[in-house]
Amino acid sequence: MRLSVLLLSICAACVSAAGTTIIRVRTVDGSVLRVPLPDDGSSSTISSILNTAGIDLNAADSDGKGSLKCQVGPPGRQTDVLDLSPNGKDRDTTAEELGLKHGSMITILPPPMPKKKEAQVTITVEEDENNNRFDPFPDLAKSISFSVANRRARALSRGVSRGMTYGDISRVRSTMHTVEHQPTGALNRVYVCQVGAARFQNHCVLQSKKKKPKGNTTKKGQDLNTIENRVALLFGTINKERVDQSRKVARTSLSTSREDQKMCEVAKVHAIWEPPMQKPMINGKHYDEGCLLSTYIGDSQDTPAKETATDRAIRVAGWLGLQPVGWIFSYADEDRHEDGDALPVHGRDAVVGAKLQIETMKLKGRDEGRKFITLTLDGRIGAAEAFQLSDVCVQMVAENVLSPPIVDEKLQSTRFMTLKDPVVVSGEETKRLDSVLLLVNTAMLSHVGLYSGGTNAPIGGNVKKTSGALLGKTRKRILAALEKKDGSEVLSELCDFDVLLAIDALIGKEESEKLCLLVRKYARGQKKGTVINEQLKLTLRSVLGE
């Protein structure tokens with residue numbers, strides 16, 4: 001039995017030696033091809049062997065994957081790598097030189113994988129701006145925008161079969177702002193100057209040159225007076241008062257001390273200043289916010305050589321003990337109530353108010369500047385409402401998440417804003433935001449501002465609406481009061497912010513400051529002993545008598 005097995009193995013070896021030599025070729029995909037060598041196979045080159053196997057040696061170069069390389073032996077064995085490029089030195093190597101025998105294997109090596117570069121997202125202009133950005137509310141600030149975070153996460157997951165993980169998605173979602181209703185603001189209530197508000201509403205009405213029929217309406221029932229929407233800056237003070245302003249209770253020695261009563265912060269508007277040379281858009285249907293934003297928003301890099309009208313107004317207000325506490329804009333009734341909801345503040349108004357509040361926070365600090373009011377006034381009937389902007393609204397404007405909607409000729413409602421980055425509302429991601437979520441309702445009361453000119457002031461004001469210069473009759477009243485011995489009448493005439501601002505443009509800063517300090521004393525009740533000296537009287541006569 002053993003002898004028969006030995007004879008069979010010897011016969012098989014003889015047949016294989018006398019037969020054709022087989023070379024195995026392992027391709028990149030792992031399949032094995034068998035290539036028979038001719039009788040003179042020892043002189044066959046490796047390129048001819050691979051061509052017989054149907055492998056194109058120039059395919060790799062044409063695909064841009066580099067030259068084809070192989071090795072003798074199974075994959076994983078440490079042997080010399082043969083270069084089979086057109087100019088390679090191993091292309092004409094013979095089977096005898098390589099030591100190929102019956103059953104030897106040639107392994108085609110896969111092209112080298114490109115080195116995986118670490119995902120790097122170039123610093124965009126937006127990220128550069130974020131480094132120098134002023135965050136009004138740092139607790140709500142996002143270090144990176146949703147767009148940049150999403151691009152970065154996709155770049156990191158590129159080339160990975162599994163894509164973005166739940167952790168990646170969670171980190172991207174954390175860059176979204178959560179918008180929800182804010183119940184209270186920094187201020188509990190606001191006192192609006194009724195004289196200044198009535199004057200502002202009067203300036204919004206453009207009187208028609210045509211003769212008005214009875215009832216001041218046409219046959220169709222439309223007013224002849226057209227509304228030109230305007231914008232103004234509110235100057236006032238921030239005060240503390242009791243939350244409960246009910247009737248005072250008789251106090252005894254056993255009563256609770258006043259310190260136990262809850263206090264709140266309120267804003268009192270003492271002057272409403274309208275920037276000169278306003279140019280409302282769309283035939284007066286939309287106010288000109290550019291005249292206020294362009295001068296109120298300062299640039300630390302560029303220091304203007306000439307003082308702007310807004311800078312001068314803030315300077316004079318500072319001498320009077322006032323600071324910017326808000327802004328006011330007018331609107332026409334049909335432009336705000338097209339959807340049936342009485343919401344006077346729309347998306348564009350919220351963006352403008354947030355920009356003004358951000359600049360006020362830069363000017364006065366975060367704690368004081370956040371006490372900022374947005375007043376709306378119906379230009380037709382004079383109805384006013386007060387709001388504050390939510391903290392997340394102001395922060396989103398600082399990060400440029402909220403951009404002002406375009407106001408076109410159709411004057412479509414901008415209550416719903418389309419955002420470039422999604423936000424989270426009620427737990428859902430959305431790019432369509434209702435501007436009512438950006439507002440904080442604020443109680444509004446009326447009073448007479450210290451620098452409004454008083455209840456006896458003309459309804460149209462003491463200065464020209466377009467330029468802010470003194471009216472002729474205003475000059476005459478002040479000059480007549482200067483001739484009287486009692487100086488209180490002059491100070492009473494000067495208790496008008498617009499008048500003081502117009503006089504400031506005519507006299508020097510030093511004299512204007514002295515005059516404002518005297519008016520400030522008089523307006524706050526220190527009337528006894530507060531008189532204008534002869535030098536100031538002479539200066540006023542010289543500039544007003546021209």
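Counting restarts for each chain: residues are numbered from 1 in the order of the written sequence. Only residues with pLDDT of at least 70 are given local features in this predicted model, and only at 80 or more are side-chain atom pairs given and counted; all residues enter the totals for whole chains, interfaces and linings. Side-chain measures were taken over the full set of non-hydrogen atoms in the model, leaving aside hydrogen atoms and water.

Colleague: Describe the overall build of the chain, naming the residues involved and giving the relevant values.
Modeller: Secondary structure counts use DSSP, requiring at least four H or I residues in a row for a helix and at least two E residues in a row for a strand, with both numbered from the N terminus. In terms of regular secondary structure, the chain is built from 19 helices and 17 strands. Summary of the burial criterion: residues with accessible area below 20% of their type's maximum are buried, those above 50% are exposed, and those between are partly exposed, where the area comes from a 1.4 Å probe applied to protein chains only. Relative to its full complement of 546 residues, the chain shows a buried share of 43%. In the chain, 72% of the contacts between residues at least 6 apart in sequence involve partners at least 24 apart. Values of accessible area rely on a 1.4 Å probe in the Shrake-Rupley scheme; residue burial ignores everything except the protein chains shown. Total accessible area on the chain is roughly 30,700 Å²; 51% of this is exposed by carbon and sulfur atoms. In what follows, residue pairs with any heavy atoms lying within 4.5 Å of each other are defined as contacts.

Colleague: For empty space enclosed by the protein, give the residues involved together with the corresponding values.
Modeller: Gaps between atoms show up when a probe of the same size as a water molecule is rolled over them. Only protein atoms enter the 1 Å grid used here. Points where a 1.4 Å probe fits but cannot escape make up a cavity, open sets with protein on both sides within 12 Å along at least five of seven lines make up a pocket, and a residue lines them when an atom lies within 4 Å of a point. Grid points are joined across faces, edges and corners, and a volume is the space filled by probe spheres set on the points. Taken as a whole, this structure holds three cavities of 30 Å³ or more when the rule is applied. There is about 70 Å³ of room inside the second largest cavity. Lining the second largest cavity are Lys142, Ile144, Ser145, Phe146, Thr175, Met176, His177, Glu399, Val401, Asp421, Pro422 and Val423. At three residues, strand β14 (residues 416–425) tops the list of elements feeding residues into the lining of the second largest cavity. In this classification, the charged set is Asp, Glu, Lys and Arg, the nonpolar set is Ala, Val, Leu, Ile, Met, Phe, Trp, Tyr, Cys and Pro, and all remaining amino acids, among them Gly, are polar. Per-class residue counts for the lining of the second largest cavity are six nonpolar, three polar and three charged.

Colleague: Please set out helix α18 (residues 509–523) residue by residue, giving values where relevant.
Modeller: If you check α18, its first and last C-alpha atoms are 20 Å apart, about what 15 residues at 1.5 Å a residue would give, namely 21 Å. Taken residue by residue, α18 has Ser512, Leu515, Cys516, Leu518, Val519, Tyr522 and Ala523 as its buried positions. Seen end-on, α18 carries its buried residues on one side only, within an arc spanning 160°. As for α18, its buried residues are in contact with α10 (309–319), α16 (488–494), α17 (497–504) and α19 (534–544). Taken from the residues just after α18, glycine 525 is the one with a positive phi, measuring 105°. Given the number of residues in a helix, its expected span is that number minus one, multiplied by 1.5 Å. Taken from the helix axis, the directions to the C-beta atoms give the arc we talk about.

Colleague: Give me the lowdown on the pattern of salt bridges, citing residues and values where you can.
Modeller: Whenever Lys or Arg places a side-chain nitrogen within 4 Å of a carboxyl oxygen from Asp or Glu, that contact is recorded as a salt bridge. In the structure shown here, the tally under the stated rule is 20 salt bridges. Where arginine 133 meets glutamate 399, a salt bridge forms, and the shortest distance between an N and an O atom there is 3.9 Å. With a gap of 266 residues between them, arginine 133 in the loop between α5 (125–131) and α6 (146–157) and glutamate 399 in the loop between α14 (391–398) and β14 connect regions that are remote in the sequence. The exposure class of arginine 133 is buried, given its relative accessible area of 16%.

Colleague: Outline the pairing of strand β12 (residues 373–378), listing residues and values.
Modeller: Side chains on a regular strand alternate between the two faces of the sheet. Buried residues dominate β12, accounting for six of its six residues. Of the two faces of β12, the one lined by Ile373, Leu375 and Leu377 and the one lined by Thr374, Thr376 and Asp378 are each fully buried. Pairs of strands are assigned from DSSP output, requiring at least two bridges between the strands. Bridge analysis of strand β11 (residues 323–331) against β12 gives six bridges, and the strand direction is parallel. Residue pairing for β12: isoleucine 328 is matched across the bridge by leucine 375. From the end of β12 to the start of strand β13 (residues 384–389), which pair antiparallel, there are five residues, and glycine 382 there has a positive phi angle of about 85°.

Colleague: Pulling in residues and values, what's your account of the sheet that holds strand β2 (residues 32–37)?
Modeller: The five strands are arranged β2-β1-β5-β3-β4 in an open sheet whose pairing can be described as mixed. The sheet terminates laterally at β2 and β4 (81–83), the two strands that pair on one side only. The sheet shows a mean angle of 30° between the axes of neighbouring strands, direction not considered. Direction of pairing for strand β3 (residues 69–72) relative to β4: antiparallel, over a ladder of three bridges. Residue pairing across strands places glutamine 71 opposite valine 81, the latter belonging to β4. Axis angles are defined between N-to-C directions and span 0 to 180 degrees, where every axis is a line fitted to C-alpha atoms and, for a helix, only to the segment in contact.

Colleague: Now, about the side chain of glutamate 274: what can you tell me, with residues and values included?
Modeller: Checked against the element boundaries, glutamate 274 lands in the loop between β10 (263–273) and α9 (290–296). Classification of glutamate 274 as buried rests on a relative accessible area of 14%. In the analysis that follows, any N or O atom pair within 3.5 Å is treated as a polar contact, provided that within protein one partner can donate a hydrogen and the other can accept it, and provided that, for residues neighboring in sequence, both atoms belong to side chains. At 2.8 Å, the side chain of glutamate 274 forms a polar contact with the side chain of histidine 203. Looking at glutamate 274, its side chain comes within polar contact range of the side chain of arginine 230, at 2.7 Å. With near-sequence residues (within four places) excluded, glutamate 274 lies in contact with Arg199, Phe200, His203, Arg230, Val231 and Ala232.

Colleague: So what's going on with the nonpolar core? Which residues, and what values?
Modeller: Definition of nonpolar core: a set of buried residues of the types Ala, Val, Leu, Ile, Met, Phe, Trp, Tyr and Cys, connected through side-chain atoms within 4.5 Å. Core analysis: the largest hydrophobic core is formed by 76 residues, its most contacted members being Leu402, Leu494 and Phe497. With seven residues, the top contributor of residues to this core is helix α12 (residues 347–364). Apart from the residues within four sequence positions on either side, phenylalanine 497 is in contact with Phe235, Ala271, Trp273, Ala313, Val316, Ala317, Leu320 and Tyr451. Formed by 19 residues, the second largest nonpolar core is a distinct cluster that contains Val192, Ala232, Leu375 and Ala386.

Colleague: Mind laying out the packing of aromatic side chains, listing which residues take part and the relevant values?
Modeller: To pair, rings of Phe, Tyr and Trp, with the six-membered ring standing in for Trp, must have centres within 6.5 Å; the planes then decide the type, stacked if under 30 degrees apart, edge-to-face if over 60, and tilted in the middle. In the structure shown here, the tally under the stated rule is four aromatic pairs. On the basis of an interplanar angle of 70° and a centroid distance of 6.0 Å, the ring pair of tyrosine 287 and tryptophan 327 is categorised as edge-to-face. Of this pair, tyrosine 287 sits in the loop between β10 and α9 while tryptophan 327 sits in strand β11, and the two are 40 residues apart along the sequence. In this structure tyrosine 287 comes out as buried when scored by relative accessible area, which is 1%. What makes tryptophan 327 buried here is its relative accessible area of 0%.

Colleague: I'd like a rundown of the side chain of threonine 237, residues and numbers included.
Modeller: Here threonine 237 is to be found in strand β9 (residues 231–242). Within the structure, threonine 237 has its side chain in polar contact with the side chain of asparagine 239 (distance 2.9 Å). Look past the residues within four positions of threonine 237 in its chain and what remains in contact with it is Val266, Ala267, Lys268, His270, Gly321, Leu322 and Val325.

Colleague: Give me the lowdown on the environment of aspartate 391, citing residues and values where you can.
Modeller: In this structure, aspartate 391 sits in helix α14. A relative accessible area of 18% places aspartate 391 in the buried class. Residues aspartate 391 and aspartate 139, 252 residues apart in the sequence, show an inter-C-alpha distance of 10.0 Å.

Colleague: Could you give me a rundown of the environment of arginine 189, with the residues and numbers involved?
Modeller: Along the chain, the position of arginine 189 falls in strand β6 (residues 189–193). Exposure remark for arginine 189: the relative accessible area of 9% places this residue in the buried category. When residues no more than four places from it in sequence are discounted, the contact partners of arginine 189 are Glu241, Arg242, Val243, Gln245, Cys264, Glu265, Val266, Ala267, Thr442, Ala443 and Leu445. A distance of 2.5 Å separates polar atoms of two side chains, one belonging to arginine 189 and the other to glutamate 241. At 3.5 Å, the side chain of arginine 189 forms a polar contact with the backbone oxygen of arginine 242.

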